[in-house]
2 protein chains.
Amino acid sequence: MRIAIDAMGGDHAPDTNVLGGLEAAREWKDTEIILVGDEAKMRALLPEIPSNLKLVHASEVIEPEDEPVRSVRRKKDASMVVAGRMVKEGLAEAMISAGNTGALMTTGLLVVGRIKGIERPALAPIIPTIDGKGMLALDLGANMDATPEHLAQYALMGSIYREKVQGVSSPRVGLLNVGTEAKKGNELVKEAYPLLEALPIQFVGNVEARDVLNGVCDVLVCDGFAGNILLKTMEGTAAGIFSLLKQQFSKSLKTKLSAALIMPELRSLRNIMDYKEHGGAPLLGLNGLVIKGHGSSDTGAIKHAVRQARIAIKGNLVSSISQEVIG
Amino acid sequence: MRIAIDAMGGDHAPDTNVLGGLEAAREWKDTEIILVGDEAKMRALLPEIPSNLKLVHASEVIEPEDEPVRSVRRKKDASMVVAGRMVKEGLAEAMISAGNTGALMTTGLLVVGRIKGIERPALAPIIPTIDGKGMLALDLGANMDATPEHLAQYALMGSIYREKVQGVSSPRVGLLNVGTEAKKGNELVKEAYPLLEALPIQFVGNVEARDVLNGVCDVLVCDGFAGNILLKTMEGTAAGIFSLLKQQFSKSLKTKLSAALIMPELRSLRNIMDYKEHGGAPLLGLNGLVIKGHGSSDTGAIKHAVRQARIAIKGNLVSSISQEVIG
């Protein structure tokens, strides 16, 4: 199998991307890792080039501040776009990028293309839960508006991914809502509810935002707007509480002593709340595998994304989704 | 001025409602407090009946599990409905209830009635911020779906309430969104943005969910669905972190010692995150003042709701909103 890595996208590119790719090539000999980017820069970073590591030159880079649609259209030789084209043309089964999220979604849509029958691809990161298992949530930002039919497709794709790639058998799929009763919610989720009930998935009904952290389901279905509010509120609340804790801990000698005693435990707590710890987020519904790595991905995160891609390719994720949609 | 209190609604009714009403009557001699409920029960709880405390008998009670619309229509002599009717008929300027939220919203809509020109009333609680000042957020659940015009009316009503009743001059009004740029968001907020810009308020633009706790605005405008996701996620995340903290603190003798040292600070932190601490939530847009007390309201909370109602009545809140809407 062949996995293309956008070597130029992300806060620590190209260094961590190139070295992460090298580590992946060393670990999985059956996998061809294709680094796409400035060849001279990539070569300079590599102490050796194993036989299953390929370099593909791309002369342009999509920057974080670039406008997504325009940059993907104009920068035809950008590392991200070239990697996307390789997936489109069957030269790679998957691509990974830690670059501009909007541009990656555009690359997915315009370069890689959708699975026939899928109306909207969805971004599906893992959000944290207290038990450490996480919850696959989609859509978290690929589309701001959704129809009930889109939510049903998210549910189906999320369930397949969670089972095939993350090894959760018969994943519990929940619908993000304001209450657990079936008739609750806005028009969108009220109409989506019976559609989810009719799918060949384990639909566990509505899930309230306050129960997400408790891991009440394995796959959480929501529109991109509500999902963003959920994820950003979790982030903001956790950050706020930790900053308040820090304030309280530095109040007096007594509290400083207490802080010193508990510090390792607080750090591990903070890690539980950090969704960046949970690997790359797939863009589901595309005619090929596209994985979004977090902007601040380090070598380990890149390697972890390769691991995810390998499992997805082996599990025939894309064709499984395609078959379910065509039914 | 006359303020009706639904004596029978809430977890600790009628006790705390009656005693809270008594305390309010004792403190504010210029205010007539009207307790509405089972007269015998109310009388049995009162050690004395000051001249500005009135009892109005109501033979029925709306229970927490009652279906809102049906119960308000059928239980015509329910304490909540009778209090609403007093506002409608000009026998009281305000009503306070800690009972069934859905039923109170229905009472507001069907019994008290809307201000002419207001399409949807909005529930406007204070949500916590780190600086302790809180943020008035609306709508938090009166209507699940909203149009851009509804959001604009929420913005106007929230700004007036925050200024008149909570004493914030020229309150900063923000629109809950997925990013701060003007073109961000779903169709609803994209269309609402220019409407908010055109209002005679201090519109500070889009506000991201992760910045809410930092108090980046005084009034937060959102549809009832997104608002519920925001508030419930804050609650759930805070509860989750505190439960994880508790786990970590009880891990060893060392961490237990640390916990004992920091406990008072942790308690005050927990209080900051508890939005129940922040008083009653007005239902804005009605032809009279309706304040929702939290279900678990104690005597102090009931008295605090009376204080809010007094300020709103003195500030001519309802006619101010009415004038701004008619323009």
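Conventions used here
Residues numbered from 1 in each chain as written. Chains lettered and ligands numbered in written order. Predicted model: local features only at pLDDT ≥ 70, side-chain atom pairs only at ≥ 80, totals over all residues. Heavy atoms only, no water. Buried < 20%, exposed > 50% of the residue type's maximum accessible area, 1.4 Å probe, protein only. Helix = DSSP H or I, 4+ residues; strand = E, 2+ residues; numbered from the N terminus. Contact = heavy atoms within 4.5 Å. Buried area = accessible area lost by both parts, 1.4 Å probe. Salt bridge = Lys/Arg side-chain N within 4 Å of Asp/Glu carboxyl O. Polar contact = N/O pair within 3.5 Å; in protein donor to acceptor, adjacent residues only side chain to side chain. Patch = residues over 30% accessible without salt bridge, like charges linked within 9 Å, V, L, I, M, F, W, Y side chains within 5 Å. Areas by Shrake-Rupley, 256 points an atom, 1.4 Å probe, with all protein chains shown as cover. pLDDT = per-residue confidence, 0-100. Least-squares fit on C-alpha atoms with pLDDT ≥ 70 in both. Pairing = 2+ DSSP bridges. Right-handed = clockwise from strand over helix to strand, strands pointing away.

Participant: Go over helix α5 (residues 101-112) of chain B with me, naming the residues and quoting the values.
Facilitator: For an α-helix the count is 3.6 residues per turn, leaving residues at separations of three or four pointing the same way. Residue and element names in this part refer to chain B. Most of α5 sits inside the fold, with nine of its 12 residues counted as buried. Inspection of α5 places G102, A103, L104, M105, T106, T107, G108, V111 and V112 among the buried residues, and these make up the whole buried set. Here the buried face of α5 lies against α3 (68-74), α4 (79-88), β4 (94-97), β11 (281-284) and β12 (289-292).

Participant: Please give an account of unusual backbone geometry that cites residues and values.
Facilitator: Peptide bonds are mostly trans, and most non-glycine residues show a negative phi. Looking along the chain, the bond that leaves A13 of chain A and enters P14 of chain A is cis, with omega of -5°. In this model, L138 of chain B is joined to D139 of chain B through a cis peptide bond whose omega is 5°. Its place among the elements puts D139 of chain B in the loop between β7 (135-138) and α6 (148-164). With a phi angle near 50°, S170 of chain B is a residue other than glycine that sits in the positive phi range.

Participant: Any chance you could break down the interface of chain B and chain A for me, citing the residues and the numbers?
Facilitator: Counting from both sides, the interface comprises 47 residues of chain B and, opposite them, 47 residues of chain A. Interface area, chain B with chain A, both sides summed: about 4400 Å², of which 73% is carbon and sulfur. Inspection of the chain B/chain A interface yields four salt bridges. For the salt bridge of K232 of chain A with E208 of chain B, the shortest nitrogen-to-oxygen distance reads 3.0 Å. Between chain B and chain A we count six residue pairs in polar contact (both at pLDDT 80 or more) in total. For the side of chain B that touches chain A, the secondary-structure elements that each account for two or more residues are β8 (172-177), α7 (187-197), α8 (224-249) and α9 (253-272) of chain B. The greatest single-element share of the side of chain B that touches chain A, amounting to 20 residues, is contributed by α8 of chain B.

Participant: How would you explain a nonpolar patch on the surface if you had to name every residue and give the values?
Facilitator: The grouping of V69, L109 and L110 of chain A at the surface amounts to a nonpolar patch, some 230 Å² of accessible area in total. Residue placement: V69 of chain A occurs in helix α3 (residues 68-74).

Participant: Explain the confidence of the model for chain A residue by residue, including any values.
Facilitator: Model confidence for chain A is summarised by a mean pLDDT of 92, while 98% of its residues fall at 70 or above. For this predicted complex, the interface confidence reaches an ipTM of 0.90, while the overall pTM sits at 0.91.

Participant: Outline the relation of the copies chain B and chain A, listing residues and values.
Facilitator: Overlaying chain B on chain A yields an RMSD of 0.0 Å, the required transformation being a rotation through 180° with an accompanying axial translation of 0.0 Å. The symmetry that links the two subunits is that of a two-fold axis. Considering only C-alpha atoms, the part of chain B nearest the rotation axis is S258 of chain B, at 2.1 Å. Comparing contact sets, 100% of the residues at the interface of chain B also lie at the interface in chain A, consistent with an isologous, same-surface contact.

Participant: So what's going on with the pattern of salt bridges? Residues and values would help.
Facilitator: Going through the model one piece at a time under the given rule, you end up with 22 salt bridges over all chains. For D66 of chain A, the salt bridge goes to K75 of chain A, with nearest N and O atoms at 2.6 Å. Across the salt bridge formed by E27 of chain B and K303 of chain B, the nearest N and O atoms sit 2.7 Å from each other. One end of the pair, E27 of chain B, is in helix α1 (residues 15-27); the other, K303 of chain B, is in helix α10 (residues 299-314), and 276 residues separate them in sequence. By relative accessible area, K303 of chain B is classed as buried at 17%. Among the charged side chains, a salt-bridge network with shared partners connects E208 and R210 of chain A together with K232 and E235 of chain B.

Participant: For the sheet that holds strand β10 (residues 219-221) of chain B, give the residues involved together with the corresponding values.
Facilitator: Residue and element names in this part refer to chain B. Taken together, the five strands give an open sheet; going across it, the order is β6-β7-β10-β8-β9, and neighbouring strands pair in mixed fashion. The sheet is open, and its two borders are formed by β6 (126-127) and β9 (202-208), each paired with just one other strand. Across two bridges, β6 lies against β7 in antiparallel orientation. The partner of I126 across the bridge, within β7, is L136.

Participant: Explain the pairing of β9 of chain B to me, and be specific about the residues and the numbers.
Facilitator: Residue and element names in this part refer to chain B. β9 sits mainly inside the fold: five of its seven residues count as buried. Summarising the sheet, β8 and β9 pair through six bridges and their orientation is parallel. Bridging from a neighbouring strand, V173 pairs with F203 of β9.

Participant: Any chance you could break down the environment of F225 of chain A for me, citing the residues and the numbers?
Facilitator: Residue position: F225 of chain A is located in helix α8 (residues 224-249). Between the C-alpha atom of F225 of chain A and that of G141 of chain A, which follows or precedes it by 84 residues, the distance is 6.8 Å. Beyond its immediate stretch of four places on either side in the chain, F225 of chain A contacts N143 and M144 of chain A together with L176, N177, V178, G185, N186, V189 and A226 of chain B.

Participant: I'd like to hear about the pairing of β8 of chain B, residue by residue, with values.
Facilitator: Consecutive side chains of a regular strand alternate in pointing toward one face of the sheet and then the other. Residue and element names in this part refer to chain B. Buried residues dominate β8, accounting for five of its six residues. Handedness of the crossover joining β8 and β9 through α7 is recorded here as right-handed. The pairing of β8 with β10 spans three bridges and is parallel. For L175, the partnering residue across the bridge sits in β10 and is V221.

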